[in-house]
Amino acid sequence: MAELSDDLVGLVEAVVTPLIENKEELSVTASEPEGEGTVVVEISVNPDDAGKVIGRQGRVIKAVRTLARAAASTEDVAVEVELID
């Protein structure tokens, strides 16, 4: 599942990078908590860019979550995408 985590990190970075201004502060990590069978992808950006990643009424972050879940659906793995403040 480590390869899937790397792929999800790359996917999320590719989607989020064009949206933000402070690209050097972007951090995307994936972890696999023991026993849960899920992959947690955490996005950390500059506080000034957080609104751009969230989007109006949360549409952008919802789209990122949908893409990540679709990418992981081939492996039957649940994915959670979280924006860290």
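Look above for the structure.
Residues numbered from 1 in each chain as written. Predicted model: local features only at pLDDT ≥ 70, side-chain atom pairs only at ≥ 80, totals over all residues. Heavy atoms only, no water.

A. Representation of a negative patch on the surface in the model. A cluster of acidic residues, Glu3, Asp6, Asp7, Glu75 and Asp76, forms a negative patch at the surface. Along the chain, the position of Asp76 falls in the loop between α3 (59-72) and β3 (78-84). For Asp76, a relative accessible area of 73% corresponds to the exposed category. (Patch = residues over 30% accessible without salt bridge, like charges linked within 9 Å, V, L, I, M, F, W, Y side chains within 5 Å. Areas by Shrake-Rupley, 256 points an atom, 1.4 Å probe, with all protein chains shown as cover. Salt bridge = Lys/Arg side-chain N within 4 Å of Asp/Glu carboxyl O. Lys, Arg positive; Asp, Glu negative; His and termini not counted. Charge placed at Lys NZ, Arg CZ, Asp CG, Glu CD. Helix = DSSP H or I, 4+ residues; strand = E, 2+ residues; numbered from the N terminus. Buried < 20%, exposed > 50% of the residue type's maximum accessible area, 1.4 Å probe, protein only.)

B. Structural detail: the packing of helix α1 (residues 2-16) against α3. Here α1 crosses α3 at 150 degrees, and the two axes come no closer than 10 Å. One way to sum up the angle between α1 and α3 is to call them roughly antiparallel. By crossing handedness, the relation of α1 to α3 is classed as right-handed. Packed against α1, whose contacting residues are Leu4, Leu8, Leu11, Val12 and Val15, the element α3 presents Val64, Leu67, Ala68, Ala71 and Ala72 at the interface. Tallied by class, residues from the contact of α1 with α3 come to ten nonpolar, no polar and no charged. (Axes fitted to C-alpha atoms, helices over the stretch in contact; angles between N-to-C directions. Parallel < 35°, antiparallel > 145°, perpendicular 65-115°, else oblique. Left-handed = near helix turned anticlockwise from the far one by under 90°. Contact = heavy atoms within 4.5 Å. Nonpolar A, V, L, I, M, F, W, Y, C, P; charged D, E, K, R; others polar.)

C. Region of the structure containing the sheet that holds strand β1 (residues 27-31). Judged by pairing direction, the sheet is mixed, and its three strands sit side by side in the order β1-β2-β3 without closing on themselves. Since the sheet does not close on itself, it has two edges, and those belong to β1 and β3, each with one partner. Neighbour-to-neighbour, the strand axes of the sheet open up by a mean angle of 20 degrees, direction not taken into account. Inspection of the sheet shows β1 paired to strand β2 (residues 38-44) by five bridges, in the antiparallel sense. (Pairing = 2+ DSSP bridges.)

D. Representation of the side chain of Ser5. With respect to the helices, strands and loops of the structure, Ser5 is situated in helix α1. When neighbours within four sequence positions are excluded, Ser5 is seen to be in contact with Ala30, Glu32 and Val39.

E. Region of the structure containing the nonpolar core. Of all hydrophobic cores here, the largest spans 22 residues; its most connected members are Val41, Ile43, Val45 and Val81. Aside from chain neighbours lying at most four places away, what touches Ile43 is Val12, Val16, Leu26, Ser27, Ile61, Val64, Val81, Glu82, Leu83 and Ile84. (Core = buried A, V, L, I, M, F, W, Y, C linked by side-chain atoms within 4.5 Å.)

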